[in-house]
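Chain residues, written in single-letter form:
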Amino acid sequence: GAVVSQHPSWVICKSGTSVKIECRSLDFQATTMFWYRQFPKQSLMLMATSNEGSKATYEQGVEKDKFLINHASLTLSTLTVTSAHPEDSSFYICSASGTFNGYYEQYFGPGTRLTVT
Amino acid sequence: GDSVTQMEGPVTLSEEAFLTINCTYTATGYPSLFWYVQYPGEGLQLLLKATKADDKGSNKGFEATYRKETTSFHLEKGSVQVSDSAVYFCALAPGQFYFGTGTSLTVIP
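Residues numbered from 1 in each chain as written. Chains lettered and ligands numbered in written order. Predicted model: local features only at pLDDT ≥ 70, side-chain atom pairs only at ≥ 80, totals over all residues. Heavy atoms only, no water.

**Q** Even after reading the chapter, I still don't get the overall build of chain A, so can you show me in this structure?
**A** For chain A, the helix and strand inventory stands at zero helices and 11 strands. In summary, chain A has a C-alpha radius of gyration of 14 Å against a globular reference of 13 Å for 117 residues, a match within 12%. Taken over the C-alpha atoms alone, chain A extends approximately 45 × 25 × 20 Å along its principal axes. Across the 117 residues that make up chain A, the buried fraction comes to 50%. In chain A, once contacts between residues fewer than 6 apart in sequence are set aside, the share between residues at least 24 apart is 55%. On chain A, roughly 5900 Å² of surface is accessible, and the fraction owed to carbon and sulfur atoms is 52%. Where the 9 positive side-chain charges of chain A centre and where its 9 negative ones centre are 7 Å apart. (Helix = DSSP H or I, 4+ residues; strand = E, 2+ residues; numbered from the N terminus. Rg over C-alpha atoms; globule rule 2.2 N^0.38 Å. Buried < 20%, exposed > 50% of the residue type's maximum accessible area, 1.4 Å probe, protein only. Contact = heavy atoms within 4.5 Å. Areas by Shrake-Rupley, 256 points an atom, 1.4 Å probe, with all protein chains shown as cover. Lys, Arg positive; Asp, Glu negative; His and termini not counted. Charge placed at Lys NZ, Arg CZ, Asp CG, Glu CD.)

Next up, the structure:
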């Protein structure tokens, strides 16, 4: 099936610094990419939806100035957590929608674990 | 709005036991339904899906049938293995994905 990668898979940063997470669709063009956040032992919460070349649409309660999303190409979206704090520690998962082998669906990345100290 | 209600866990079973994880949904249209599995420390993997009523999705011995009359998509497996220990998420997608809260399954030898 289609592959979505995330980099890094795990990152530790100090409080107050910014961290960038990349999401790539490796073998198809993603018209839309989604960013989710997952707290320990909980479900995924959609943070934002981004379409290539346009501004992301954020879900209610998600600070757009804190979680910067860029979808500059059909294969790459980035999430930047600015001025990170310990409460931002979480598992961030991206997904990409596109057509692969004639099927249009959403494919999930493996996730990035962020720990803010 | 659209939503998914999933059986709460955790669920602990002995190897070779029968598994059922209940999932019901609320949707205004005709969504696709999915089961995803998440192993410890990893992302989501698509387990199976069904795109219309009465469709049965199946994979690795797991199966689920899209029941429009009962708005359900229960996950079943006839004989679980230790390697099936994971968290299972039911989801629906009329476009955007809506996930259930997840059900943790532990299979003991």
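**Q** Sorry if this is basic, but what is going on with the sheet that holds strand S8 (residues 62–65) of chain B here?
**A** Neighbouring strands of a sheet are bound in pairs by backbone hydrogen bonds; such pairs are parallel or else antiparallel. Residues and elements named next belong to chain B. On the basis of which strands lie adjacent, the open sheet formed by four strands has the order S3-S9-S8-S7 and antiparallel pairing. Looking at the sheet topology across the chains shown, the edges are occupied by strand S3 (19–21) and strand S7 (56–59). Strand-to-strand twist of the sheet, defined as the mean angle between neighbouring strand axes without regard to direction, takes the value 15°. Bridge analysis of S3 against strand S9 (residues 75–77) gives three bridges, and the strand direction is antiparallel. Among the inter-strand pairings, Ile-21 is bridged to a residue of S9, identified as Leu-75. (Pairing = 2+ DSSP bridges. Axes fitted to C-alpha atoms, helices over the stretch in contact; angles between N-to-C directions.)

**Q** Can you help me understand the pairing of strand S11 (residues 112–116) of chain A in this one?
**A** Within a regular strand, side chains alternate between the sheet's two faces. All names here are of chain A. Because side chains alternate across S11, one face comprises the buried residues Thr-112, Leu-114 and Val-116, and the other comprises Arg-113 and Thr-115, none of which is buried. Sheet topology places strand S2 (residues 10–13) next to S11; four bridges connect them, and they run parallel. Within the sheet, the bridge partner assigned to Trp-10 lies in S11 and is Arg-113. Sheet analysis places strand S9 (residues 90–100) next to S11, joined by three bridges and oriented antiparallel. The residue bridging Tyr-92 from the neighbouring strand is Thr-112, located in S11.

**Q** Quick question: what am I supposed to make of the pattern of salt bridges here?
**A** Side chains that differ in charge, positive against negative, can pair when their charged atoms come close. Scanning the entire structure with this criterion turns up five salt bridges over all chains. Lys-66 of chain A is paired through a salt bridge with Asp-88 of chain A; the nearest N and O atoms lie 2.9 Å apart. Of this pair, Lys-66 of chain A sits in the loop between strand S6 (57–58) and strand S7 (67–73) while Asp-88 of chain A is found in the loop between strand S8 (76–81) and S9, placing the two residues 22 residues apart along the sequence. Asp-88 of chain A shares its class with Lys-66 of chain A; the two are buried. Where Lys-56 of chain B meets Glu-63 of chain B, a salt bridge forms, and the shortest distance between an N and an O atom there is 3.5 Å. A relative accessible area of 31% places Glu-63 of chain B in the partly exposed class. (Salt bridge = Lys/Arg side-chain N within 4 Å of Asp/Glu carboxyl O.)

**Q** When you look at the interface of chain B and chain A in this model, what are you seeing that I'm missing?
**A** It is common to report an interface's size as the accessible area lost on association of the parts. The interface of chain B with chain A comprises 15 residues on the first partner and 15 residues on the second. Interface of chain B and chain A: buried area, both sides summed, is about 1100 Å²; carbon and sulfur atoms make up 55% of it. Across the chain B-chain A interface, the total number found is zero salt bridges. Counting across the chain B and chain A interface gives three residue pairs in polar contact (both at pLDDT 80 or more). For the side of chain B that touches chain A, the element with the highest residue contribution is strand S6 (residues 44–50) of chain B, accounting for three residues. Its residues placed into classes, the side of chain B that touches chain A shows six nonpolar, seven polar and two charged. (Buried area = accessible area lost by both parts, 1.4 Å probe. Polar contact = N/O pair within 3.5 Å; in protein donor to acceptor, adjacent residues only side chain to side chain. Nonpolar A, V, L, I, M, F, W, Y, C, P; charged D, E, K, R; others polar.)

**Q** Just checking my understanding: could you explain the sheet that holds S7 of chain A for this structure?
**A** All names here are of chain A. Here four strands make up an open sheet; going across it, the order is S1-S3-S8-S7 and the pairing antiparallel. One side of each edge strand has no neighbouring strand; the edge strands of this open sheet are strand S1 (4–7) and S7. Within this sheet the neighbouring strands show an average axis-to-axis angle of 15°, counted without direction. With six bridges joining them, strand S3 (residues 19–25) and S8 adopt antiparallel strand pairing. Residue pairing for S8: Ile-21 is matched across the bridge by Leu-79.

In short, shape yes, function no, at least from these values alone.
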